[in-house]
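# Tertiary structure, described
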Amino acid sequence: MSGIFWLFILFLCVQRISELFIAKRNEKWMLSQGAYEAGTRHYPFIVALHTLFFISLIAEVTMMEKTLSSNWPVWLTLFLVTQLGRVWTLRSLGPFWNTKIIVLPGAKVVKKGPYRWVRHPNYIIVTLEFIVIPLLFQAYYTAIIFTLLNAWMLSVRIAAEEQALTDATDFGKS
């Protein structure tokens, strides 16, 4: 089991680090187009939340000797669905996707892909990951604690993002 767990963690780390490189590239492009960053005060807390999620997951699984859930096919399927949603969301936003709130004044808000139906599909995906990933390995404490912390963080994040988009784009006009 530990080999499966560590391979899974490695996959997630490589994925997240790759996304940070994409975000940095997109940030540079947007700033060069006249964009600005909003919500800077809460961003370090988001980074801490995601970092502590991994630490908690690893600690709970290893220290409490958790194993792969007997329902792993369900959790793995849900995880794979979230990953498809993650890719769809990132591709739909293209160079506008970022881990930060970077707003380009006058830009038209993206309304393709999952954004046709939902305002913040990436946050839905992250919320599902905070539930599904720990449950895949029976890390119930991590699932509960970080789902609640993420909900609180998103209440701050979404408000800041929507305000910035309303102030600088056509977001409020849709």
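It should be noted that the structure appears before, not after, this text.
## Describing the packing of helix H4 (residues 121–136) against helix H5 (residues 140–168)
Interhelical geometry of H4 versus H5 gives an angle of 170° and a closest axis separation of 8 Å. The pairing of H4 with H5 is recorded here as roughly antiparallel in orientation. Contacts between H4 and H5 involve Tyr123, Val126, Thr127, Phe130, Ile131, Pro134 and Leu135 from the first element and Tyr140, Thr142, Ala143, Phe146, Thr147, Asn150, Leu154, Arg157, Ile158 and Glu161 from the second. Each residue belonging to the contact of H4 with H5 can be placed in one class, and the counts come to 11 nonpolar, 4 polar and 2 charged.

## A word on the environment of Arg41
Following the sequence through the fold, Arg41 ends up in the loop between strand E1 (36–38) and helix H2 (43–63). A relative accessible area of 76% places Arg41 in the exposed class.

## A short note on H5
With 29 residues, H5 should reach 42 Å at 1.5 Å per residue; the first-to-last C-alpha distance of 41 Å fits that figure. Along H5, the residues classified as buried are Thr142, Ala143, Phe146, Asn150, Met153, Leu154, Arg157, Glu161, Ala164, Leu165 and Ala168. Of the surrounding elements, those touching the buried residues of H5 are E1, H2, strand E2 (101–103) and H4.

## Brief notes about a nonpolar patch on the surface
Taken together, the side chains of Met63, Met64, Tyr140, Tyr141, Ile144, Ile145, Leu148 and Leu149 present a nonpolar region at the surface, about 870 Å² in accessible area. If one sorts the elements of the nonpolar patch by residue count, H5 sits on top with 6 residues. Following the sequence through the fold, Met63 ends up in helix H2.

Definitions and limits used
- Residues numbered from 1 in each chain as written.
- Predicted model: local features only at pLDDT ≥ 70, side-chain atom pairs only at ≥ 80, totals over all residues.
- Heavy atoms only, no water.
- Axes fitted to C-alpha atoms, helices over the stretch in contact; angles between N-to-C directions.
- Helix = DSSP H or I, 4+ residues; strand = E, 2+ residues; numbered from the N terminus.
- Parallel < 35°, antiparallel > 145°, perpendicular 65-115°, else oblique.
- Contact = heavy atoms within 4.5 Å.
- Nonpolar A, V, L, I, M, F, W, Y, C, P; charged D, E, K, R; others polar.
- Buried < 20%, exposed > 50% of the residue type's maximum accessible area, 1.4 Å probe, protein only.
- Expected span 1.5 Å × (residues − 1).
- Patch = residues over 30% accessible without salt bridge, like charges linked within 9 Å, V, L, I, M, F, W, Y side chains within 5 Å.
- Areas by Shrake-Rupley, 256 points an atom, 1.4 Å probe, with all protein chains shown as cover.
- Salt bridge = Lys/Arg side-chain N within 4 Å of Asp/Glu carboxyl O.

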